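Topology and contacts: notes
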Amino acid sequence: MTAARRFARDRWALTGFVFLALLVVVAVAAPLVVGRVLHASPYRLGMMDKVKEGGRLVDVVSDGGIPIGPSASYPLGADLIGRDVLSRLIYGARVSLLVSTMGTLLAVLLGLLVGLLAGFYRGTVDTILSRFVDAMMAIPILLLAIALASVLPQGNVWTVVLILGLVNWTYLARIVRGEVLSLREKEFVEAARALGANDSVILARHLVPNLVGPLLVFGTLSMAGNILLESALSFLGVGIQAPTPSWGNMIQEGMAFYSVAWWVVLFPGIAILLTVVSLNLVGDGLRDALVPGSQERIGL
Amino acid sequence: MTLRPHLLLSLFVALLLSAGGCVHEPRPVAYVPGPDGGTPRRGGHAVFVREEDPDYLDPGLSYGTYSAAVTEAIFHTLLDYAHEPGPAGATLEPDLAQSLPEIRENGTLYCFRVRPDARFGAPLHRHITAADFKYSIERLFEVESPGVPFYRHIVGADRVIAGSAKTLPGVIARGDSLYIRITAPDPTFLHILSMSFTAPVPREVAEKYPRTLSQHTVATGPFQVAEFTPRRRVILVRNPDYCGKPAWLDTFELRLGVTQANAVAMIRRGQVDGGFFEVPPAEFARLRADSSWAHQIDVSDGLETDYLFLNVRQKPFDDVRVRQAMEWAIDRRALLKVYSGKGIVAGEFCPVGMPGARPLGRYVTPDRARAKALLAEAGYPNGFRTKLYGYATEPVPRLLTIVQQQLADVGIQAELDIGEAIGYTSMASDTSRHVPFGFYAWTADYVDPSNFFDTLVNGHRITAINNQNLSLFDDPWVNHHIEHAMTVADDSTRAKLWREIDERVMDDAPVLPLLHTFESRLYSLRLAGWYRHITRILKIEDLYLKSAPRPAAVAAR
């Protein structure tokens, strides 16, 4: 049975995949969906606007500062300064998916490089790199991320990508090192060496293709963690800065008002939950499909 | 399928977020006087909370709005204000002085006598002499106190400021007699002398701990400090050496690091009695709708103006047309909603609650076409980019996000730079930081428009650090008229002059007044004696408990 078939037979994984595919489509087409379909804007303030609800005009934000809840004009309600929550949620998906994907790619690149070198060359190179990885892993991720956020330029999407990449690569480096230590002893590597292939050819042409499975599984699961980490950073005020919407900063902005404007925090919370669960389902499905029976070995 | 830690976390977050409450519509805001707590009685321990530490517990250095209530409970000076809510609280009364001073030489010489029973608290317990007052006023210049500009008219202050002298010949101490001579009559000078900047500090302690006096306070007021642990708590105990009316409470504890939302929950649960924080809008709406708590919220006009300052020495804010364009771009009515409607739209710089002040109603309705035309006339048809500074205390970030969007509507792209509240004032008031554009809020130190105009827009008060004229606005007409108005004794003439100055300031627009906000404070059901004093925020010595007191946390030292 092929890996694709094994994946397709996992209904939970498939459900997660469909949700993520839809999310990506909506996020990519956000300007179209928000502008042309919803006729809304994630940035436009409605502080002084009125909308017709139940035959009467109501303030989008009341004189007491409470925004309108889910209604015909605002399907998911308005936020505290009268912005459309649905539009911000869709634009927030772009930010959350972009930073988590790019952050994961950066982590994969760094982890792959360090893991390959440590596992392939062993000896002193392995000792130095592995101890460095150990030292990095000893620092709590959130603490490291906040420390990096405080020294890097704040509010920039690419800063958050850099932070996510720099705090996550160590796990992959360990996995790759373990895999490479095993693969370098295989016959196909010996054969390549006997045919005169140098180290870089062996690494690039023979070892990396054999690491695709673990990389894909790690990448998917890491994306879920990155979405949460980006949300946590934005929630703490060191991630994506206003007015750019991200699911994390949407929750942060509405947190103090959850008792009177629950929609401001509930919907981004649900979006995070569904996306993270979907990524986990897809990750688990991929692991079962690509590396059958090896869950314990790759330590995922 | 395994359940991963971040999956668990996300489930937890979702459950937490879905635990929201129901919607309440806020009621209109009205002034609620403190409830009658019966006959005050002595004793007990009250607990207040606050998020940030007090700036200092040093009368020469402390100048934070919320720190004031604490420092003014510890440090009293020659005069105090009447212990009354509302405008009646603006009446000056003798405190460490025997009586109100005799004013001689056409209002330029103030003659005080220190009370014979005036004493420093622990550990000194010694008599306070006129020399202690002289030392404390001179110390302000030595420690570069933010209060220095208020005392610049004392004879000899100019030489001390210039560094050519260390003592003030205008302050003469003879035993218990204190004479203060100023260069020109100033009807507000007694109010200025009542500020805690002039509270006596014992020389022997101040010289021993020149940099850490906040940790070695010697009280002159109704309370003394039993403990000050930064980021944790301040504990005050009644000062038995205070010669005035003693405090009702035995002890007063200020717990630090408590957020606004937590503070409200703690007060409602009866764990604490109050706090120095604005009731969050969401909680405000709920509490006002709750008959048990509606009367425990004190909403009052603290004579405040929230405004944006524009550094007129920097481009493009050096052009009055740009400044006026920004005035026209802002819709202040939208900003008022951020404060749950607690306040009024500011069409003038001086709060309209100030005696003699009158609303000017300038720029209260936005005119974006006019703003764009003014920008085009000034050479910025496509707007410009700038940075807008502010601090993270709610609801300032939300307010600035609205301002940012309103400015963007006329082409001005303002990047927000939101920092911690603590340290913001010192950053903004340091001219070497060249802050171009920022948010500021000013609450009256004393009841006179000079506290706004002289302090915030008089060019003669610009200093390198601790500079309150954040716009660096230096207009000779405005400077001259402010200083002239300060010498006029007749109330109606003064009021007319202040209005002319306000009009000129609104025309020149170095500051963009946004709102005159009201304060809201929440107090526990067992606490009485609270009211927003017109200048002193809260008189802690007037607080008392209605029910049986809790055991005191510490014994008086």
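Predicted, not measured: the structure shown is a model, and the values here were computed from it. (Residues numbered from 1 in each chain as written. Chains lettered and ligands numbered in written order. Predicted model: local features only at pLDDT ≥ 70, side-chain atom pairs only at ≥ 80, totals over all residues.)

To continue, consider the overall build of chain A. On a plain count of helices and strands, chain A comes out with 13 helices and two strands. A principal-axis box enclosing the C-alpha atoms of chain A has dimensions of 85 × 45 × 30 Å. Per-residue burial over chain A gives 49% buried out of 300 residues. Pairs at least 24 residues apart make up 68% of the contacts formed inside chain A by residues separated by at least 6 positions. (Helix = DSSP H or I, 4+ residues; strand = E, 2+ residues; numbered from the N terminus. Buried ≥ 20, exposed ≤ 12 C-beta atoms within 10 Å, placed from the backbone. Contact = placed C-beta atoms within 7 Å.)

Attention now goes to the overall build of chain B. Helix and strand content of chain B: 16 helices and 22 strands. In chain B, which comprises 557 residues, the share counted as buried stands at 51%. Pairs at least 24 apart in sequence give 70% of the contacts found in chain B among residues at least 6 apart.

The subject of this paragraph is the packing of helix H4 (residues 85-121) of chain A against helix H10 (residues 212-235) of chain A. All names here are of chain A. Where H4 contacts H10, the axes come no closer than 8 Å and their chain directions differ by 130 degrees. One way to sum up the angle between H4 and H10 is to call them oblique. Where H4 crosses over H10, the two elements pack in a sense that is right-handed. Of the residues in H10, those in contact with Ser-96, Val-99, Ser-100, Thr-101, Gly-103, Thr-104, Ala-107, Val-108 and Leu-112 of H4 are Leu-215, Gly-219, Ser-222, Met-223, Asn-226, Ile-227 and Glu-230. (Axes fitted to C-alpha atoms, helices over the stretch in contact; angles between N-to-C directions. Parallel < 35°, antiparallel > 145°, perpendicular 65-115°, else oblique. Left-handed = near helix turned anticlockwise from the far one by under 90°.)

What follows deals with the pairing of strand E1 (residues 50-53) of chain A. All names here are of chain A. The pairing of E1 with strand E2 (residues 56-59) spans four bridges and is classified as antiparallel. Within E2, the position partnered with Lys-52 by the bridge is Leu-57. Hairpin remark: E1 followed by E2, antiparallel, with two residues in the connecting loop; positive phi at Gly-54, about 60 degrees. (Pairing = 2+ DSSP bridges.)

Before going further, it helps to spend a moment on the confidence of the model for chain A. Mean pLDDT for chain A: 85, with 96% of residues reaching 70 or above. Mean pLDDT values for the elements of chain A range from 44 in helix H13 (residues 295-298) of chain A up to 92 in helix H2 (residues 11-28) of chain A. (pLDDT = per-residue confidence, 0-100.)

Attention now goes to unusual backbone geometry. The general pattern is negative phi for most residues beyond glycine and trans for most peptide bonds. Residues and elements named next belong to chain B. For the bond running from Ala-122 to Pro-123, omega is 5 degrees, close enough to zero to count as cis. Position of Pro-123 among the secondary structure elements: in the loop between strand E5 (109-113) and helix H3 (130-142). Positive phi is not limited to glycine here, since Glu-105 has a value of about 50 degrees. The residue Glu-105 is located in the loop between strand E4 (102-104) and E5 in this model.

Within helix H11 (residues 247-254) of chain A, eight of the eight residues are buried, leaving the element largely enclosed by the surrounding structure. Restricting attention to buried positions, one finds in H11 of chain A the residues Trp-247, Gly-248, Asn-249, Met-250, Ile-251, Gln-252, Glu-253 and Gly-254 of chain A.

Residue and element names in this part refer to chain A. One way to put it is that H4 packs onto helix H5 (residues 123-137) with a least axis distance of 7 Å and a crossing angle of 140 degrees. As the angle between them shows, H4 and H5 are arranged oblique. With respect to the hand of their crossing, H4 and H5 are arranged in left-handed fashion. When H4 is examined against H5, the residues Val-114, Leu-117, Ala-118 and Tyr-121 are found in contact with a partner set consisting of Gly-123, Val-125, Asp-126, Leu-129, Ser-130 and Val-133. Its residues assigned to classes, the contact of H4 with H5 comprises seven nonpolar, two polar and one charged. (Nonpolar A, V, L, I, M, F, W, Y, C, P; charged D, E, K, R; others polar.)

Moving on, we come to the sheet that holds strand E8 (residues 223-229) of chain B. Residues and elements named next belong to chain B. The five strands are arranged E8-E9-E10-E1-E11 in an open sheet whose pairing can be described as mixed. The strands lining the two open edges of the sheet, one partner per strand, are E8 and strand E11 (274-275). Across six bridges, the pairing between E8 and strand E9 (residues 233-238) is antiparallel. Residue pairing across strands places Val-225 opposite Leu-236, the latter belonging to E9. The sheet contacts of helix H2 (residues 65-74) involve strand E1 (45-50), E8, E9 and strand E10 (251-256), and relative to E8 the element is tilted by about 130 degrees.

Once that is clear, we can look at the sheet that holds strand E6 (residues 171-174) of chain B. Residues and elements named next belong to chain B. Spatially, E4-E5-E7-E6 is the arrangement adopted by the four strands of the open sheet, whose pairing is antiparallel. The outermost strands of the open sheet, each flanked by one partner alone, are E4 and E6. Ignoring strand direction, the axes of neighbouring strands in this sheet form an average angle of 20 degrees. Taken strand by strand, H3 contacts E6 and strand E7 (177-181), and its axis lies near 155 degrees from that of E6.

In this fold, Asn-156 of chain A is placed in the loop between helix H6 (141-151) and helix H7 (157-183). In sequence terms Asn-156 of chain A and Val-33 of chain A are 123 residues apart; their C-alpha atoms lie 25 Å from each other.

As a further point, take helix H12 (residues 263-290) of chain A. Across its 28 residues, H12 of chain A extends 40 Å between first and last C-alpha, which sits within 8% of the 40 Å expected from 1.5 Å per residue. Among the 28 residues of H12 of chain A, 24 are classified as buried, and the element is accordingly described as predominantly covered. (Expected span 1.5 Å × (residues − 1).)

Moving on: the confidence of the model for chain B. Residues and elements named next belong to chain B. Here chain B averages 88 in pLDDT, while 91% of its residues score no lower than 70. Taken as a whole, residues 1-34 scores under 50 in pLDDT and shows 65 contacts with residues more than four places along the chain or in a different chain. Complex prediction metrics read pTM 0.77 and ipTM 0.72.

What follows deals with the pairing of E10 of chain B. Residue and element names in this part refer to chain B. Summarising the sheet, E1 and E10 pair through six bridges and their orientation is parallel. Bridge pairing in E10 places Arg-50 opposite Leu-256. Pairing of E9 with E10 involves five bridges; the strand directions are antiparallel. Each bridged residue has a counterpart across the sheet, and for Val-237 the counterpart in E10 is Thr-251.

A few words now on the environment of Arg-526 of chain B. Along the chain, Arg-526 of chain B turns up in the loop between strand E18 (511-522) and strand E19 (527-528). The sequence separation of Arg-526 of chain B and Tyr-544 of chain B amounts to 18 residues, and the corresponding C-alpha distance is 8.6 Å.

Here the focus is the environment of Arg-536 of chain B. Residue and element names in this part refer to chain B. On the secondary structure map, Arg-536 appears in the loop between strand E20 (532-533) and strand E21 (537-538). The buried category is assigned to Arg-536, around which 20 C-beta atoms lie within 10 Å. Separated by 317 residues in sequence, Arg-536 and Ala-219 have C-alpha atoms that sit 17 Å apart. If we skip the residues at most four places from it in the chain, Arg-536 touches Ala-69, Glu-72 and Tyr-81.

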